Amino acid sequence: MDLSRRDFIKLAALAPVVSVACGIPEKELEVQSLADFPEDLVKGKDAWFATQCGSCPDGCGVIVRVIEGRAKKIEGNLDYPQNRGKHLARCEASLQATYHPDRIKTPLKRKSGSTRGTNEFIPIGWDEAIEHVQRNIRNTQGQTAIMTNPLRGHLGLVVNEFVSMTKSRHISYEEMDRVVVRKAIRDVFGQARLPKFDIANANTVLSFGADFLGTWFSPVSMGHDYAGFRGSAGKDRGYFIHVEPRMSQTAANADWWIPIQPGNEGLLAKSIAYVIISEQLGDELYTNLLTHNLGVTALGDEFSPENVAGRLGIPELRGKQPAQVIREIAHKITSGGPSVILGGGSTAAYTNASESLQTIYSLNYLTGSVGKVGGVILNPASPLSQVPDSASGASYDEWKDIVDQIRQGEINSLIVHGTDPMYAFGESLGFSSALGDNVSLVSVTNFLDDTALMADIILPEASSLESWSSDIPDPAPGYQVVGIQQPVLNPPTDANLIGNFGDILLKVADSISKGSIPWNSMQKVIESGFSDLFDLNRGSIKAATPSGFWQGALQRGGWWDINAESEMSNATPMPLPEISDPQFDGSGSFYLIPVSGVGIGSGDLAHLPWLQALPDPMTTVAWSTWMEINDKEAEEMGIAEGDIIEIKSGRGTIKVTAYLSPAAAPKVLGVIKGQGHKDYGRYAKERGSNLEEILAPLTDRSTGAHAWASTRVTINKTGESVEIPRYEGTQLAVDPSLELHGIRKVVKITKGHKH
């Protein structure tokens, strides 16, 4: 049989299909394989390694394809329970984080006499770098602060041990709405870990602001469950209601999007509770617990739909007035099967956020959904008692206190990893001015972010594809899971590295007090933990010896026990709280809703070009700071797509690019976060604007978390315009028959249309 090179490549790609359809015998292909492969074909064999993604909040289990010592492709691990073979684009971008041209590969020291932030660094060796860190810790005598992202798993264990040994302080940063969500979960369900929202088996889902199909907590896991919710084998299609001022990716997927005036989500939730209680639609036991046995009297008629409707800012929807909408939602979540009610995102970013979320999550008790399949399933604790299974960021007020302590000289040594506080808070906390010349700042990072620019010492680390770590997913899938991250390739030959952040801390600890921490590397930490899992004699890996168990964990990407589920919480639900009015800063006519991007997030991944180029699901815009505005309002203001707009708040001014959308709610501006870095590599440097610089410093009344959706702004044209980088066309789909009558309406494409 004669095969051309083109045919050979086609057959190689379609081998399973061809062998069945054409009956080409496998032996014949083997015999006629080319003796000399063309030079553009890879000759080496590929290897696949199970590990964990280091770029996404899900802690996805991934499989990495390695050829001739280079990582080529990242896919989801079908075996790993958290993501079940799916993965985020962020996981793929781990390759770029490893091979980035601007990656820092050796320790750097700020030049003597140079000014902070001027990017004047010189290379140094690790001995000098470690000596600098340990000397500062010794000299400051408990006045060192370690600033990180929230840390779970064995890296969290190492940091806790280091903090205890050095008498340092540890503070974590994460998107501030999550601080409020975690407190609401603790208050309502009595545990620190996030529960599993069993969307796949629910009949109805009611979400308040939680963009769980976009960026909220665990979009891979929840997106997978959402597919089952919409119609898996033997299950009817679930019904989804989403409440949010802006049409997010999740709102766009809802059966019913309820556009609400910002800050009134808790008021709506309490009115729904009023209907459930007054009409006796819900669980009697929990109705009594949530109302002190007073029933609807505890709420008062002020929360009846008729009395609340005028305050919500909800328009007439599907021919129904707001009061009818409220009653229909209450009936929908209490009939026809289990329901899941959840809240977060912008709902957790107002001054009344804690009250709102406590009310929202309490609805799960009223509907009888807690601890039930298709409802809210509590997650079990870590199988390793010393290893953190949950971690929360500090509040805005806590960060403000830390900066005040730096300014007052109570903290004079900083170690920063996994977060960029200089960027995250803009100038609102006065971080850069607090540093002065007497504070030592060590940044452990591979890229020159805004905080690293101000550092005295920069320590590079091995990437997630080059180092050891672990993770305990939060939220977990309803049972115990411990994922493992293993090195799948060696660091670059021109890099001078000693490991990841955990390895660096262990090295510093050993130089301060030899043997004070019982491990000398992250690999030893992980091996010790998995030895403890072996001793449990249960779960997904069966082996006769610890070494066999270890090999099994590496091959599968971790350990889990589907039978290790949580006991039902004995926590008594707190009574429904009072809902205070939200406060907003500024007198502008527009509400500003910050948007976290599916690619670069809140800016932590802005240095990766694949993620910069990833189009936003709602606007398809990439590479820029855009502002989403209602197209009718834009037309009235003379704003066209691509116009450069000045957004002004009481805190400052930034420039953005206008994107007109018929789906944007009136008086609500969605503005993408994540741009405006001072450096952070060639793909992020001075690109767009940092939205954090104009956000009001208001906080949630209960937690002190940043109420980042509580800013009102004004907008003005600058007279400048650019071509906006987006992937969709420039013409809206409209119904021609309506246009003849002067009506402009987006076409609804349904089955049977031939558009």
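Just so you know, these numbers come straight off a predicted model, no measurement behind them. (Residues numbered from 1 in each chain as written. Predicted model: local features only at pLDDT ≥ 70, side-chain atom pairs only at ≥ 80, totals over all residues. Heavy atoms only, no water.)

*Asks:* Explain unusual backbone geometry to me, please; I cannot follow it from the model alone.
*Replies:* Apart from glycine, the bulk of residues carry a negative phi angle, and the bulk of peptide bonds sit in the trans form. In this model, Asp 474 is joined to Pro 475 through a cis peptide bond whose omega is 10 degrees. Looking at where Pro 475 falls in the secondary structure, it is placed in the loop between β17 (469-471) and β18 (479-485). (Helix = DSSP H or I, 4+ residues; strand = E, 2+ residues; numbered from the N terminus.)

*Asks:* I would appreciate a short explanation of the state of the cysteines in the present structure.
*Replies:* Covalent bonding between the sulfur atoms of two cysteines defines a disulfide. Under the defined criterion, the tally for this structure stands at 0 disulfides. With no disulfide of its own, Cys 60 lies closest to Cys 56 among cysteine sulfurs, the gap being 3.7 Å. Lacking any disulfide linkage, Cys 91 is separated from the closest cysteine sulfur, that of Cys 53, by 3.2 Å. On the basis of relative accessible area, Cys 91 is assigned to the buried category, the value being 1%. (Disulfide = S-S within 2.5 Å. Buried < 20%, exposed > 50% of the residue type's maximum accessible area, 1.4 Å probe, protein only.)

*Asks:* Help me understand helix α12 (residues 284-291) in this model?
*Replies:* Residue pairs spaced three or four apart in an α-helix point in one direction, given the helix's 3.6 residues per turn. If you check which residues of α12 are buried, you get Tyr 286, Thr 287, Leu 290 and Thr 291. Seen along its axis, α12 keeps its buried residues to an arc of 120 degrees; they face one direction. α12 presents Glu 284 and Leu 285 as exposed residues on the side facing more than 90 degrees away from its buried surface. Along its buried surface, α12 packs onto α11 (265-278) and α15 (353-366). Looking at where α12 begins, the residue whose side-chain oxygen comes 3.0 Å from the main-chain nitrogen of Leu 285 is Asp 283. Trailing α12 by a residue or two, His 292 shows a phi angle of about 55 degrees, which is positive. (Arc of directions from axis to C-beta. Contact = heavy atoms within 4.5 Å. Polar contact = N/O pair within 3.5 Å; in protein donor to acceptor, adjacent residues only side chain to side chain.)

*Asks:* I tried to follow the pairing of strand β10 (residues 239-243) on my own but got confused; where do I start?
*Replies:* As a general feature of sheets, a regular strand has side chains that alternate between the two faces. Summarising burial for β10: 4 of the 5 residues are buried, a large majority. Two elements, strand β9 (residues 204-208) and β10, share 5 bridges in a ladder whose sense is parallel. In the strand pairing of β10, Ser 207 is matched with His 242. Note: β10 against strand β11 (residues 256-258), 3 bridges, orientation parallel. For Val 243, the partnering residue across the bridge sits in β11 and is Ile 258. (Pairing = 2+ DSSP bridges.)

*Asks:* Help me out: how do you make sense of helix α20 (residues 501-512) in this one?
*Replies:* Its 12 residues give α20 an end-to-end C-alpha distance of 17 Å, which sits within 8% of 16 Å, the value for a rise of 1.5 Å per residue. Residues Phe 501, Gly 502, Asp 503, Ile 504, Leu 505, Leu 506, Val 508, Ala 509 and Ile 512 constitute the buried set of α20. For α20, the side-chain oxygen to backbone nitrogen distance between the N-cap and Gly 502 is 3.2 Å, and the N-cap itself is Asn 500. (Expected span 1.5 Å × (residues − 1).)

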